[in-house]
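# A closer look at the structure
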Amino acid sequence: MSRKPKIAVWKFASCDGCQLSLLDCEDELLTLAGEVEIAYFLEASRATVRGPYDLSLVEGSVTTPHDAERIKQVRRASRRLVTIGACATAGGVQALKNFADVEDFVSIVYASPDYISTLEASTPISAHVPVDFELHGCPISKRQLLEVITAFLHGRRPGIPSTSVCMECKRRGNVCVMVAHGTPCLGPVTHAGCGAICPAYNRGCYGCFGPMETPNTVSLTKQLKVLGMGDRAVDRVFRTFNVTAFEEARRG
Ligand code: SF4
Ligand code: SF4
């Protein structure tokens, strides 16, 4: 009997939301557990199996010297490595510290800053080791996660479209909140995957899936200003969960 592929799930600096998306698969997770060996997933079980692993899912960004070394060990132990979520793919909301002096935060937030060991910047996993695929979202979509796992088990590329949230609005039949109501929306530059949830409830997208491939941030910025946003408001709307990725996209 051939052995089942081993899957590992790793946590770095993050809120655990993307790991919860995997646990949230419920029925599908039971089917998956029949097909693979979930060998390392501390969020689900303290029982662990030693590597190497066929597929590692990595949540979270690198923010400490210890984690900068640990991700290299994870990479060495993994045949394929997929990063999941805004923290792992773009540094996460904690990357807001990259635009300030980290020592200022440390001294304000912690009663004993001497115990804190942190890097100047929060960086995505791809800044440290080669990554086989990046799955975007804050949190990720469980439907897309299952597609990624299935694709890697069958040795094919995941079928994840790199189009914008606007395309999902059109498929869902949403009325465009920006055109119809003048509501600022990052949908035109944001990676598809959520099914256009926010516009479906009459609010603008705030970019939690990060930038799509080739985002036209220049044109969207002009439109946001037409809708009355000033420079500071535009900066703020791009600086959330995927701040480093959107700032890179804005620089072109
Ligand atoms: S509501 Fe937003 S995401 Fe939907 S079509 Fe309009 S601009 Fe695009
Ligand atoms: S519409 Fe935008 S902000 Fe809302 S869930 Fe989708 S990607 Fe995230």
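Before reading further, recall that the structure is shown in the block above.
Residues numbered from 1 in each chain as written. Chains lettered and ligands numbered in written order. Predicted model: local features only at pLDDT ≥ 70, side-chain atom pairs only at ≥ 80, totals over all residues. Heavy atoms only, no water.

Glancing now at the pattern of salt bridges. Within the structure shown, the criterion is met by twelve salt bridges. Its salt-bridge partner being Asp235, residue Arg250 comes within 2.9 Å of it at the nearest N-O pair. With Arg250 in helix 12 (residues 243-251) and Asp235 in helix 11 (residues 231-238), this pair connects stretches of sequence that are 15 residues apart. The partner of Arg239 in a salt bridge is Glu247, and the shortest N-O contact between them spans 3.1 Å. Overall, the relative accessible area of 8% leaves Glu247 in the buried class. Via salt bridges that share partners, Asp235, Arg239, Glu247 and Arg250 belong to a single interconnected network. (Salt bridge = Lys/Arg side-chain N within 4 Å of Asp/Glu carboxyl O. Helix = DSSP H or I, 4+ residues; strand = E, 2+ residues; numbered from the N terminus. Buried < 20%, exposed > 50% of the residue type's maximum accessible area, 1.4 Å probe, protein only.)

Across soluble globular proteins, you tend to see nonpolar side chains buried next to one another. Ranked by internal contacts, the top residues of the largest apolar core, which has 22 residues, are Leu22, Leu57, Val82, Ile84, Leu135, Leu145 and Ile149. For this core, the secondary structure elements donating two or more residues are strand 1 (6-11), helix 1 (17-23), helix 2 (27-35), strand 3 (53-59), strand 4 (78-84), strand 5 (133-135) and helix 6 (142-153). If you tally residues by element for this core, the top one is helix 6, at five residues. When residues no more than four places from it in sequence are discounted, the contact partners of Leu145 are Leu22, Leu57, Ile84, Leu135 and Ile140. Ranked by size, the runner-up nonpolar core spans 15 residues in total, among them Val177, Cys185, Val189 and Phe246. (Core = buried A, V, L, I, M, F, W, Y, C linked by side-chain atoms within 4.5 Å. Contact = heavy atoms within 4.5 Å.)

Where like charges cluster on the molecular surface, the negative patch consists of Asp24, Glu26, Asp27 and Glu28. Secondary-structure assignment places Asp27 in helix 2. The exposure class of Asp27 is exposed, given its relative accessible area of 60%. (Patch = residues over 30% accessible without salt bridge, like charges linked within 9 Å, V, L, I, M, F, W, Y side chains within 5 Å. Areas by Shrake-Rupley, 256 points an atom, 1.4 Å probe, with all protein chains shown as cover. Lys, Arg positive; Asp, Glu negative; His and termini not counted. Charge placed at Lys NZ, Arg CZ, Asp CG, Glu CD.)

Attention now goes to the site of ligand 2. Every residue lining ligand 2 is accounted for by Thr190, Cys194, Cys198, Pro199, Cys205, Tyr206, Gly207, Cys208 and Phe209. When its residues are assigned to classes, the shell around ligand 2 shows seven nonpolar, two polar and no charged. (Near = heavy atom within 4 Å. Nonpolar A, V, L, I, M, F, W, Y, C, P; charged D, E, K, R; others polar.)

Below, the discussion takes up the layout of surface pockets. In this structure, the largest pocket spans a volume of roughly 270 Å³. Along the walls of the largest pocket sit 15 residues, with Pro211, Thr244, Ala245, Glu248 and Ala249 positioned nearest its centre. Mapped onto the lining of the largest pocket, the elements with two or more residues apiece are helix 4 (85-90) and helix 12. Counting residues per element, the lining of the largest pocket draws most heavily on helix 12, at five residues. Classifying every residue of the lining of the largest pocket gives seven nonpolar, five polar and three charged. (1 Å grid on protein atoms, 1.4 Å probe; cavity = no way out; pocket = protein on both sides within 12 Å on 5 of 7 lines; lining within 4 Å. Points joined across faces, edges and corners; volume = space filled by probe spheres on them.)

Bringing the packing of aromatic side chains into the picture now. For the structure shown, the criterion picks out four aromatic pairs. Here the aromatic rings of Tyr206 and Phe241 are separated by 5.8 Å at their centres, their planes lie at 45 degrees, and the arrangement is tilted. One end of the pair, Tyr206, is in the loop between helix 9 (197-200) and helix 10 (217-226); the other, Phe241, is in the loop between helix 11 and helix 12, and 35 residues separate them in sequence. In textbook terms, an aromatic cluster arises when at least three aromatic residues are bridged by ring pairs, as seen for Trp10, Tyr40 and Tyr53. (Phe/Tyr/Trp six-rings, centres within 6.5 Å; stacked < 30°, edge-to-face > 60°.)

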